[in-house]
Amino acid sequence: LPYHHYDYSKVHGQCCENVIGVMPLPVGVAGPIRIDGQELHIPMATTEGALVASTSRGCKAITLGGGASTVLTRDAMTRGPCLQMPSAVRAGELKAWLESASGMEEVRSAFQSTSRFARLLELKVALAGRLVYVRFTTFTGDAMGMNMISKGCEQALRFIRTRFEDCQVIAVSGNYCTDKKPAAINWISGRGKSVVAEAVIPGAVVEKVLKTTVADLVRLNISKNLIGSAMAGAMGGFNAHAANTLTAVFLATGQDPAQNVESSNCITLMEPENGGRDLRISCTMPCIEVGTIGGGTSLPPQAACLEMLGCRGPHRDTPGANAQRLARIICAAVMAGELSLCAALASGDLVKSHIALNRAAPATPAASH
């Protein structure tokens, strides 16, 4: 395990404990891809052969069609504490107060006293018997925000207990957030950045670059990503492999890789355009959880990848703009990966490409002594 020539000063107290070395991962670049009028290369840390090449093919097709457009529909990180009251009646009283205008304002004031950037946007309250689940929905600037929001929640809970002395805090996270687990609430209400990416691919590009047809891609997407996922009982999994591209970019840019669970929620849609000559594709991702400050983003290699994308650190003028930009880029990159994999499936080239790019005979390693 390598351990030389690494700046551990940025790791201790922030990223890892009991450190014994580093784990190098190969980083490839997909692209260029035009996103919202700007051409970028996408850094991807992965050990899966064919992934970067496939994503690059999708990037090429999208760019030849004029590029991807993205829309940010929501920016709100959540934390969902669990509280317990002596009875269901008292739980209902707490819920009513939290949902009142005055209660919300008092809780907001307590929450926002802990940070210059954290802003409490709304509270969603649910009861299970005498248990009260409160989903704090917040804006956290360019940070992914879990530490920031947890700190604010603790302060808000302390204030709540001054109004309801019989309230017991079971956990600052009661799984009503929901973090690092599949959950319908994330799919429906969003968590982190909610983004839609869209592109129109000319039919000639579909045939020349993707080696298939518009009709075949539309049919495959319906049969696989929509009906097939429904048959499997998927939740947020109406896509071909959104987690693949997203996780590779997460690793390259210092994001929390465990958050790929909810961040990879995606529905991929394809439909014929211009009388069936061209292809319209979109990816809708309601819970991309990313930041450009804090955690692994401060490590030099990961920071360099963020620099490549033009979103390293906090935005100088508009708090949150860099993290929002990263989420837009990830959604567009996922769309490129979706386009290329679906094309490979439609043309029957998937196995052949993986054998060529993921099954090369490795060099025989030297014996260890």
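Residues numbered from 1 in each chain as written. Predicted model: local features only at pLDDT ≥ 70, side-chain atom pairs only at ≥ 80, totals over all residues. Heavy atoms only, no water.

Going by an unreviewed UniProt entry, the chain carries the name 3-hydroxy-3-methylglutaryl-coenzyme A (HMG-CoA) reductase isozyme and comes from Coemansia nantahalensis.

### Looking at the overall build of the chain
So the rule is basically this: Numbering of helices and strands runs from the N terminus, with a helix taken as a DSSP run of H or I at least four residues long and a strand as a DSSP run of E at least two residues long. Here the globule rule is a power law, 2.2 Å times the number of residues to the power 0.38, and the radius of gyration is based on C-alpha atoms. Burial classification: accessible surface area is computed with a 1.4 Å probe over protein chains only, and a residue below 20% of its type maximum counts as buried, one above 50% as exposed, and the rest as partly exposed. Should any heavy atoms of two residues lie within 4.5 Å, those residues are considered in contact. Computed by Shrake-Rupley with a 1.4 Å probe, the accessible areas treat only the displayed protein chains as cover when residues are assessed. Counted as positive: Lys and Arg. Counted as negative: Asp and Glu, with His and the chain ends omitted from the count. Every charge is mapped onto a representative atom, which is NZ of Lys, CZ of Arg, CG of Asp or CD of Glu.
Helix and strand counts for the chain come out as 12 helices and 11 strands. For 369 residues, the compact-globule formula gives about 21 Å, and the C-alpha radius of gyration of the chain, at 23 Å, lands near that figure. C-alpha extents for the chain along the principal axes are approximately 70 × 60 × 40 Å. Relative to its 369 residues, the chain shows a buried fraction of 49%. Within the chain, counting contacts between residues at least 6 apart in sequence, those at least 24 apart form 72% of the total. Carbon and sulfur atoms provide 55% of the accessible area of the chain, an area that totals close to 16,800 Å². Averaging the positions of the 34 positive and the 29 negative side-chain charges in the chain gives two centres separated by 1 Å.

### Focus on helix 8 (residues 242-253)
In an α-helix, one full turn covers 3.6 residues, which means residues spaced three or four apart are oriented alike. This is how the line gets drawn: Given a helix with a known number of residues, its expected span is that number minus one, times 1.5 Å.
Its 12 residues give helix 8 an end-to-end C-alpha distance of 17 Å, which sits within 8% of 16 Å, the value for a rise of 1.5 Å per residue. Along helix 8, nine of the 12 residues are buried, which leaves the element largely enclosed by surrounding structure. Taken together, the buried positions of helix 8 are Ala242, Thr245, Leu246, Thr247, Ala248, Val249, Phe250, Ala252 and Thr253. Positive backbone phi, at 80 degrees, marks Gly254, one or two positions downstream of helix 8.

### A look at the packing of helix 1 (residues 51-64) against helix 11 (residues 321-347)
Helices that pack against each other are described as a pair by the angle of their axes relative to one another and the distance between those axes. For clarity, the cut-off: Axes, fitted as lines to C-alpha atoms, cover a helix only where it is in contact. Angles between the N-to-C directions of the axes lie from 0 to 180 degrees. Working definition: roughly parallel below 35 degrees, roughly antiparallel above 145 degrees, roughly perpendicular at 65 to 115 degrees, and oblique for all remaining angles.
Running from N to C, helix 1 and helix 11 point in directions that differ by 105 degrees, and their axes come no closer than 7 Å. On the basis of the axis angle, helix 1 is roughly perpendicular to helix 11. The residues of helix 11 that touch helix 1, namely those facing Ser54, Thr55, Arg57, Gly58, Cys59, Ala61 and Ile62, are Ala332, Ala333, Met335, Ala336, Gly337, Leu339, Ser340, Leu341, Ala343 and Ala344.

### A closer look at unusual backbone geometry
Both trends apply: most residues other than glycine have a negative phi, and most peptide bonds are in trans. The omega angle of the peptide bond from Gly31 to Pro32 is 10 degrees, so this bond is cis rather than trans. Examined against the element boundaries, Pro32 turns out to sit in strand 1 (residues 27-35). Cis rather than trans, the peptide bond between Cys177 and Thr178 has omega equal to -5 degrees. As for its position among the elements, Thr178 is in the loop between strand 7 (168-171) and helix 5 (184-189). In the Ramachandran plot, Asn18 falls in the positive-phi region, its phi being about 50 degrees despite a non-glycine side chain. Locating Asn18 in the fold gives a position in the segment before strand 1. Non-glycine residue Asn175 carries a positive phi angle of around 70 degrees. Counting through the fold element by element, Asn175 comes out in the loop between strand 7 and helix 5.

### Quick word on the nonpolar core
If you look at soluble globular proteins, the nonpolar side chains tend to sit buried side by side. Stated precisely, the cut-off is as follows: Definition of nonpolar core: a set of buried residues of the types Ala, Val, Leu, Ile, Met, Phe, Trp, Tyr and Cys, connected through side-chain atoms within 4.5 Å.
If you look at the biggest cluster of nonpolar residues, it comprises 55 residues, and the most contacted ones within it are Ile42, Ile62, Ile201, Leu217, Leu279, Ile330 and Leu339. Ranked by residue count, the leading element in this core is helix 11, at 14 residues. Once residues lying within four places of it in the same chain are set aside, the contact partners of Ile62 are Ile33, Gly67, Ala68, Ala199, Ile201, Ala332, Met335, Ala336 and Leu339. Membership of the second largest hydrophobic core comes to 28 residues, among which are Trp97, Val132, Ile149 and Cys153.

### Examining a nonpolar patch on the surface
The following threshold applies: The patch calculation keeps residues exceeding 30% relative accessible area without a salt bridge and links them within 9 Å when they carry like charges or within 5 Å when they are nonpolar (Val, Leu, Ile, Met, Phe, Trp, Tyr). One side-chain nitrogen of Lys or Arg within 4 Å of one carboxyl oxygen of Asp or Glu is enough to make a salt bridge.
Taken together, the side chains of Leu1, Ile20 and Met23 define a hydrophobic patch exposed on the protein surface, amounting to about 390 Å² of accessible area. Inspection of the secondary structure puts Ile20 in the segment before strand 1. The exposed category is assigned to Ile20, whose relative accessible area is 66%.

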